[in-house]
Amino acid sequence: MSLFHRIARSDHAPVRFLLDGVPCEGREGDTLLTAILTHVDKVRVSDFSGAPRAGFCQMGACQDCWVTLADGERVRACTTPLTAGMSVVTGAAA
């Protein structure tokens, strides 16, 4: 179940991406965090407690929304713009 439900920006162009190997769709102008959480209920699990995490500060100051891109680069989902063809690994299933 998704954590976010889109109530605006539905008229923006669709942007296709892979989320943990599953084809998904966000919207032009979305951050990775928005795109991810319109499909699932967490971004990752805590390295310390194993509890689900879905971002915290929403401005790139904390470490709560780290995800990995297909090339191995780690990025903060809350400040990284979604681009077509991105392949994102969340670690949420860990």
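Coordinates for the structure precede this section.
What you see is a predicted model, and the numbers here were worked out from it, not measured in a lab.

Reading the values: rules and limits
Every chain is numbered on its own, with residues counted from 1 as its sequence reads. With the structure being a predicted model, the display of local features is reserved for residues of pLDDT at least 70 and the display and counting of side-chain atom pairs for 80 or more, all residues being used for whole-chain, interface and lining totals. Where side-chain values are given, they derive from all heavy atoms of the structure, hydrogens and water being excluded. Here a helix means four or more residues in a row that DSSP labels H or I, a strand means two or more in a row labelled E, and each is numbered from the N terminus. By definition in these notes, contact holds between two residues if any of their heavy atoms fall within 4.5 Å. Throughout, the Shrake-Rupley method with a 1.4 Å probe supplies accessible areas, and for residues the shown protein chains are the sole cover considered. By nonpolar core we mean a set of buried residues, namely Ala, Val, Leu, Ile, Met, Phe, Trp, Tyr and Cys, connected to one another through side-chain atoms within 4.5 Å. Partly exposed residues are those whose accessible area sits between 20% and 50% of the maximum for their type, while under 20% is buried and over 50% is exposed, using a 1.4 Å probe and protein chains only. Should DSSP find at least two bridges between two strands, the strands are taken to pair.

Engineer: What am I meant to see in the overall build of the protein chain here?
Structural biologist: In terms of regular secondary structure, the protein chain is built from 1 helix and 7 strands. The secondary structure elements of the protein chain, listed N-terminal to C-terminal, are β-β-α-β-β-β-β-β. Contacts in the protein chain between residues at least 24 apart in sequence constitute 43% of all its contacts with a sequence separation of at least 6. When the accessible surface of the protein chain is totalled, it reaches about 5,500 Å², and 57% of it is carbon and sulfur.

Engineer: Honestly, the nonpolar core in this entry has me stumped. Any pointers?
Structural biologist: Across soluble globular proteins, nonpolar side chains show a tendency to be buried alongside one another. If you look at the biggest cluster of nonpolar residues, it comprises 20 residues, and the most contacted ones within it are Phe-17, Leu-32, Ile-36, Val-67 and Val-88. Counting only elements with at least two residues in this core, the list comes to strand S1 (14–19), helix H1 (32–37) and strand S5 (66–69). Among the elements that take part in this core, H1 stands out by supplying 5 residues, more than any other. Beyond its immediate stretch of four places on either side in the chain, Val-88 contacts Phe-17, Leu-18, Leu-19, Asp-20, Leu-32, Ile-36, Val-67, Thr-68 and Leu-69.

Engineer: How should I be thinking about the pairing of S5 in this particular structure?
Structural biologist: Two faces make up the sheet, and in a regular strand the side chains alternate between them. Pairing of S5 with strand S6 (residues 74–76), which is carried by 3 bridges, proceeds in the antiparallel orientation. For Trp-66, the partnering residue across the bridge sits in S6 and is Arg-76. Joining the antiparallel neighbours S5 and S6 is a turn of 4 residues, in which Gly-72 adopts a positive phi near 95 degrees. Note: S5 against strand S7 (residues 87–89), 2 bridges, orientation antiparallel. The residue bridging Thr-68 from the neighbouring strand is Val-89, located in S7.

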